[in-house]
Amino acid sequence: MSAESPAATGQFTVRRQQFRAWRGERPFWAGLLVLLSGLPIAYFPYANLQIGHLTLAMATTAGAGSLIIGVLLVVLGVSLWFQKHVRVFAGVAAILLALVSIPVSNLGGFLIGFLLALVGGAMAVAWAPGAPSAGQPAATAGTGVDGAPQAKDHDTAMLRPVDGVDEPNDLSGTNPANGANGRHSAG
């Protein structure tokens, strides 16, 4: 089987389409920029630049802080890929860490990491999930037990209807005759 066979091309096409579908369901580019922003921020405070026989040490006193900021940005970038629900938190945290990296980490990794984190964080905050395509059924179209909407996630617990709805169910210690019915006023 050669590299030019239809099976290899078909498999590559299928994998590429699967990756494209996965990438489209999450803030992929925002996560990539935030992840890449952590690398120069964490690297430059520990780097030594060799110019001929001259060694320029860029080590700062805040090397540990730079390493922590860089690692946090990498973790936020990965979390944007795999936990798309935390996109607003991760975006705001990336922007704040980028701002903190200016005084701590050689101007935010010589402005490279700073700018990548700012743009990636803004993209994460601005990202919104798209509407399902025409080929996919809408998630809210399905119905579960007794016409209740079906759960979107398979691990979400479905609430069951309560038997005996007309029976009084006063467990709060208040009398339904006074109109409180378990609710307390705040004032």
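Placed above this text is the structure.
The structure displayed is predicted, hence computed values, not measured ones. Residue numbers run consecutively from 1 along every chain, following the written order of its sequence. Given that this is a predicted model, residues contribute local features only at a pLDDT of at least 70 and side-chain atom pairs are listed and counted only at 80 or more, while totals for whole chains, interfaces and linings are drawn from all residues. Note that water and hydrogens are dropped before the side-chain values are worked out from all heavy atoms of the structure.

## Here's the deal with unusual backbone geometry
Then step 1. At Phe110, a position not held by glycine, the phi torsion is positive, near 55°.
Then step 2. Put simply, DSSP H or I for four residues or longer makes a helix, DSSP E for two residues or longer makes a strand, and each gets a number counted from the N terminus. Looking at the element boundaries, Phe110 is found in helix 5 (residues 106-110).
Then step 3. The phi torsion at Leu111 lies on the positive side, around 65°, for a residue other than glycine.
Then step 4. The residue Leu111 is located in the loop between helix 5 and helix 6 (112-126) in this model.

## Comments concerning the nonpolar core
Then step 1. Of all hydrophobic cores here, the largest spans 15 residues; its most connected members are Val34, Ile69, Leu73, Leu76, Leu80, Ala94 and Leu97.
Then step 2. Looking at which element gives the most residues to this core, the answer is helix 4 (residues 87-104), with five residues.
Then step 3. When neighbours within four sequence positions are excluded, Ala94 is seen to be in contact with Val34, Leu73, Leu76, Ala117 and Gly121. Among buried residues, the Ala, Val, Leu, Ile, Met, Phe, Trp, Tyr and Cys ones that are joined through side-chain atoms within 4.5 Å form a nonpolar core. Note on exposure labels: buried denotes an accessible area under 20% of the residue type's maximum, exposed denotes more than 50%, and partly exposed covers the range between, all computed with a 1.4 Å probe on protein chains only. Residue contacts are counted whenever heavy atoms from the two residues lie within 4.5 Å of one another.

## Thoughts on helix 2 (residues 28-43)
Then step 1. The length a helix should cover is 1.5 Å for every residue beyond the first. Given a rise of 1.5 Å per residue, 16 residues ought to cover 22 Å, and the 23 Å separating the end C-alpha atoms of helix 2 matches this to within 8%.
Then step 2. Along helix 2, the positions that sit buried rather than exposed are Phe28, Ala30, Gly31, Val34, Leu35, Ser37, Gly38, Pro40, Ile41 and Ala42.

## Considering the packing of aromatic side chains
Any pair of aromatic rings gets described here by the distance separating the centres and the angle formed by the planes.
Then step 1. Note on aromatic contacts: the rings of Phe and Tyr and the six-membered ring of Trp form a pair at centre separations within 6.5 Å, being stacked when their planes are under 30 degrees apart, edge-to-face when over 60 apart, and tilted otherwise. Within the structure shown, the criterion is met by eight aromatic pairs.
Then step 2. Ring plane angle 80° and centroid distance 5.0 Å describe the contact between Phe28 and Trp29, whose orientation is recorded as edge-to-face.
Then step 3. Taken together, the aromatic side chains of Phe19, Trp22, Phe28, Trp29, Trp81 and Phe82 make up a single cluster linked through ring pairs.

## So, the pairing of strand 1 (residues 48-51)
Then step 1. Pairs of strands are assigned from DSSP output, requiring at least two bridges between the strands. Examined bridge by bridge, strand 1 and strand 2 (residues 54-57) share four bridges and lie antiparallel to one another. The residue bridging Leu49 from the neighbouring strand is Leu56, located in strand 2.
Then step 2. Taken together, strand 1 and the strand that follows it, strand 2, pair antiparallel across an intervening segment of two residues, in which Gly52 is found at a positive phi of about 65°.

## Focus on helix 3 (residues 63-82)
Then step 1. Look at helix 3: 29 Å from first C-alpha to last across 20 residues, which is about the 28 Å you get at 1.5 Å a residue.
Then step 2. Three or more residues of helix 3 are buried, namely Gly63, Ser66, Ile69, Gly70, Leu73, Leu76, Gly77, Ser79, Leu80 and Trp81.

## Section: the packing of helix 2 against helix 3
Then step 1. Axis lines are fitted through C-alpha atoms, for helices just across the contact stretch, and the angle between N-to-C directions can take any value from 0 to 180 degrees. Contact geometry for helix 2 and helix 3: axes closest at 7 Å, N-to-C directions at 165°. Between helix 2 and helix 3, the interaxial angle falls into the category roughly antiparallel. Between helix 2 and helix 3 the crossing geometry is left-handed. Between helix 2 and helix 3, the contacting residues are Phe28, Ala30, Gly31, Leu32, Val34, Leu35, Ser37, Gly38, Leu39, Ile41 and Ala42 on the first element and Ser66, Leu67, Ile69, Gly70, Leu73, Val74, Leu76, Gly77, Val78, Leu80 and Trp81 on the second.
Then step 2. Gly counts as polar in this scheme, as do all residues outside two lists: the nonpolar Ala, Val, Leu, Ile, Met, Phe, Trp, Tyr, Cys and Pro, and the charged Asp, Glu, Lys and Arg. Taken together, the residues that form the contact of helix 2 with helix 3 break down as 16 nonpolar, six polar and no charged. Relative orientations are named as follows: roughly parallel for angles under 35 degrees, roughly antiparallel for angles over 145 degrees, roughly perpendicular for angles from 65 to 115 degrees, and oblique for any other angle. By the definition used in this description, the sense in which the near helix is turned from the far one sets the handedness, with an anticlockwise turn below a right angle giving left-handed and a clockwise turn giving right-handed.

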